[in-house]
Amino acid sequence: MFGAPLRAHTGEPGRKSMSRYNVRENEDRWRAVWAERRTFAVTEDPAKPKYYVLEMFPYPSGRLHVGHVRNYTMGDVLARYKRARGFNVLHPMGWDAFGLPAENAAIASKVHPAAWTYDNIAVMREQLRRMGIAYDWDREIATCHPEYYRHEQKMFLDFLEAGLAYRRESWVNWDPVENTVLANEQVIDGKGWRSGAPVERRRLSQWFFRITEFADDLLDAIKRLDRWPERVRLMQENWIGRSEGARFRFRLAGRPDDIEVYSTRPDTLFGASFVAVSPNHPLAEELARDNPALAAFVQECSRLGTSEAVIEAAEKLGFDTGLKAVHPFDPDWQVPVYVANFVLMEYGTGAIFGCPSGDQRDLDFARKYDLPVIPVVLPPEGDAATFAIGEEAYTGDGTLYNSRFLDGLPVETAKRRAIEELERLGAGAGEVQFRLRDWGVSRQRYWGCPIPVIHCTDCGIVPVPESDLPVRLPDDVTFDRPGNPLDHHPTWKHVACPSCGKPARRETDTFDTFVESSWYFLRFCSARDSGAFDRKAVDYWMPVDQYIGGVEHAVLHLLYSRFFMRALSRCGYVDMGEPFAGLFTQGMVCHETYRDPEGGWLFPEEVRRSDGGAVVTVEGGRPVTVGRSEKMSKSRKNVVGLEAIVEGYGADTARLFLLSDSPPERDLEWTDGGAEGVWRFINRVWRLVTEPETALPPVGAPRPDPLDPAADAALRLVHKTIQAVTEDLEGFRFNKAVARIRELVNGLADLPASAAGAGWVLRQGCEAAAQLLAPMTPHLAEALWQELGRDTLLVDTAWPEADAALLVDDVVTLAVQVNGKLRATLDIARDSARDVVEAAALTLPAVIRATEGKPARKVVVVPNRIVNVVV
RNA sequence: CAGGGUGUAGCUCAAGGGUAGAGCACUCGAUUUAGGAUCGAGUGGUUGAGGGUUCGAAUCCCUCCUCCCUUGCCA
């Protein structure tokens, strides 16, 4: 069955040979067996409970290092464990294959993005395969494949029809040298990352997904994501950022129009000292036309870029328009109107009123431009006569004062009262706002999914007919000049309008790559379906039971996926809201960093420890500065290659180490010593099974009776370990599970060969060890299983069950304290009566010595745990 | 300044009121021509600091400190 004859192993006590686990041979062999038997290929099976394990799929950037594979290992442990527990487990893998690095590689080394991407995929697939991860490779997908993105194009057309996709102008970071749009991360100090040219803000027509349509539901449903980490839920809540306030108008003195503002603090209206509009506000643009100084100011603001972080950090600057706004509650009260750089057109109405006493930014602004600061909220313990605002605004709770009809009201009541008044005056109304904005999906890039629309001068925007999908990317593109290659292409964008037949132009924007990752988990359910996915398969497998990935995707990817499920539901594709029932965010893998005397980074293999203990370079022995341990990254060169570990110690060693040292949610420190330690442990287990101290009875031999107490204790250890490891795996405590198994192996190794029943207990222990290790070190475990004389595959064997009767000991060891200090221990039958325990404790020589003959004032007995004698 | 996390052996982590443990590292011994591997034994702790509750605190409460992360600073 397995290519090599199975050999029943009986053990040969006294055998002196010291075999070493042949890692290469075993790992290759068992992987081949699983592959040949298609062990991990699954189909829908209504008779079995399903379990969908998914790790966030990678961008095929080149090759993997050990830092990349921690989450795949965790997912694999879960997949293999659940499989052993009888679940029908879907565990797929694919490639998030569109994206900018492929285009950068094309520019840098003249290789086509597709070739570069597929080459990387081939390398990385082989790397994952050699890690022995139990994927159903039949379901592998690459998002850059037309058979993937054609369905995305169809979804877009349906979204368009449903009003969930639309086009409007928005601001982008424009690199005037590269003639291209930059992502916020590509803007460094206001300059393009590649060209170094100052970035401009430009208005460009862009495609958007109407994620705000579901803002309330996306926020509400977070409460029910009870298997998500609390902090991710919090981050999403903050990102959606619901706020309750009022939208209302300030009339402009001497003009027919007015300014609409949004505020969450209408209660502080009597503290208003200015109105400010965004530099992109229509009013600012109108005034700038006749006012060169204002135009220059607006221009200056646009240089800042669109990143929120940059805007936040910048100094608050304003430009007095000379206009006056009339206070909504008092026609005789006017405040100046400014154009201010910290007011964003994209949020609220693009205009605010400033209450310096109640908002730090407004206060900074007021101090800079010498505007009045009127306190209107008195803190609970404050004194109206003396309370004053210094350099810090008061944003806390309190009672309104200096506020006419709002005086004496608590903040919350005053808000409602102010809104009522605004509504009564016809000046405005209460409104709920969200920080969440619609998702801009247009990218002026080649290596992405083409947006399937055609621009016709007569018909406007015309969807590409479904029968013409997919709109394929052209292969013959060049990257020798700046800008979007699709736009430069001589023929690709010229098409006949599907509606009127006249010459028209294809959309040359492509999708943000977050679009592909927003539904790939659905495609995995039926990866070769001619449609986007098979509804029955999706209904069977979804939602993902356990999703595993980095916390860096806590907001965008996860929120976009949640949006996609809702949008697809509305368009009739599916009928469910949440894609990921459980989420786990794993910690990073870290490693020391090394620098040479010039400050250049060094790879770990370029340094060594000299005889004196100093760290020096391998070449030339120059002194090396050892930096702190940081997340493994190519830029700092603190990476450990996967090949190096797998060739030397094998995939199981890498896997076990990635699981063992730290709790999975925390960062893991990769050390050579730790990897060697794991390798020694693997060999220790191998020897325990292949060269046992005591001959093992054959498979299924009856339990000998009686068992020696040492054998009995070892058997209890076996069952306690099964119980504990099971609980640890269920609770994602992989490091504890590993520690338990190590203790089991130590315990079994200590079992004296002479003890009655030792061989039988040792077999129980070795079989349990193999089974418990199987999710973590699957190749080793399969080899052990065979060495133990089994003729079935361990991977097809059910998870072991602990015998409840063996989980408690008959004899317990009590700690005996005198005045809280440990003086002795006492072995006694479990659940002995209190007075029996007390009497036994008081007669212990160590206790008599410690009490110096004084009578016990009190004896505390905690059953089966401790006795404390108080004198 | 805020919010969250963290602090236990040299290192990475257990123990969540009841005997402070594991792995790695280190020391010594055995084995070996030697090294490595292996086996055995051992060193190593005022549980970040201080105070409180308790018969008993790493664990519960209060104060302070360290480092890390998320950023809040979106009206």
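A brief report on the enclosed structure follows. (Residues numbered from 1 in each chain as written. Chains lettered and ligands numbered in written order. Predicted model: local features only at pLDDT ≥ 70, side-chain atom pairs only at ≥ 80, totals over all residues. Heavy atoms only, no water.)

Things to note about the overall build of chain A
Formally: Elements are defined by DSSP. Helices are runs of H or I of four residues or more, strands are runs of E of two residues or more, and each kind is numbered from the N terminus. When a residue's accessible area, from a 1.4 Å probe over protein chains only, is under 20% of the maximum for its type it is buried; when over 50% it is exposed; and in between it is partly exposed. In what follows, a contact means two residues having at least one pair of non-hydrogen atoms within 4.5 Å.
Across its full length, chain A carries 25 helices and 37 strands. If you line up chain A on its principal axes, its C-alpha atoms span 105 × 80 × 65 Å. Residues counted as buried form 53% of the 871 residues belonging to chain A. In chain A, the share of contacts with a sequence separation of at least 24, taken over all contacts with a separation of at least 6, comes to 72%.

Concerning the nonpolar core
Generally speaking, a soluble globular protein has its nonpolar side chains buried in company with each other. Worth spelling out the cut-off: As used in this record, nonpolar core signifies buried Ala, Val, Leu, Ile, Met, Phe, Trp, Tyr and Cys residues forming a set joined through side-chain atoms within 4.5 Å.
Tyr 52, Phe 209, Tyr 520, Phe 521, Met 542, Phe 564 and Trp 670 are the most contacted members of the largest nonpolar core, which has 177 residues in total. The biggest single contributor to this core is helix 19 (residues 672–690), with nine residues. When neighbours within four sequence positions are excluded, Phe 209 is seen to be in contact with Phe 156, Phe 159, Leu 164, Ala 165, Asp 438, Trp 439, Val 441, Phe 511, Val 515, Phe 563 and Phe 564. Of all hydrophobic cores here, the second largest spans 40 residues; its members include Ile 259, Val 261, Leu 283 and Ala 427.

So, the pairing of strand 34 (residues 811–818)
Remark: a regular strand shows side chains that alternate across the two faces of the sheet. Applicable threshold: Strands are treated as partners if at least two bridges between them are detected by DSSP.
Summarising the sheet, strand 34 and strand 35 (residues 821–829) pair through eight bridges and their orientation is antiparallel. Its bridge partner lying in strand 35, Leu 814 is registered against Leu 826. Between the end of strand 34 and the start of strand 35, which pair antiparallel, lie two residues, with Asn 819 showing a positive phi angle near 50 degrees. Two strands pair when backbone bridges link them, and strand 34 and strand 37 (residues 866–870) are joined in this way by four bridges, in the parallel orientation. Across the sheet, the residue bridging to Gln 817 is Asn 868, located in strand 37.

Considering the sheet that holds strand 9 (residues 200–209)
Filter applied, for reference: Think of each axis as a best-fit line through the C-alpha atoms, taken over the contacting stretch in the case of a helix, with angles from 0 to 180 degrees between the N-to-C directions.
If you walk across this open sheet you meet the four strands as 6-5-9-19, and the pairing is antiparallel. Bordering the open sheet on either side are strand 6 (180–182) and strand 19 (439–440), each of which pairs with just one other strand. Pairing analysis gives ten bridges linking strand 5 (residues 165–175) to strand 9, with the strands arranged antiparallel. Within strand 9, the residue paired with Arg 168 across the bridge is Gln 206. Sitting on the sheet, helix 5 (residues 146–161) is in contact with strand 5 and strand 9, with an inclination near 90 degrees to strand 9.

Some details on helix 5
Put simply, the rule reads: The span you would expect from a helix comes to 1.5 Å times its residue count less one.
Compared with the 22 Å implied by 1.5 Å per residue over 16 residues, the 22 Å span of helix 5 between its first and last C-alpha is a close match. Inspection of helix 5 places Pro 146, Tyr 148, Tyr 149, His 151, Glu 152, Gln 153, Met 155, Phe 156, Leu 157, Asp 158 and Phe 159 among the buried residues, and these make up the whole buried set. Positive phi appears at Gly 163, one or two residues downstream of helix 5, with a value of about 80 degrees.

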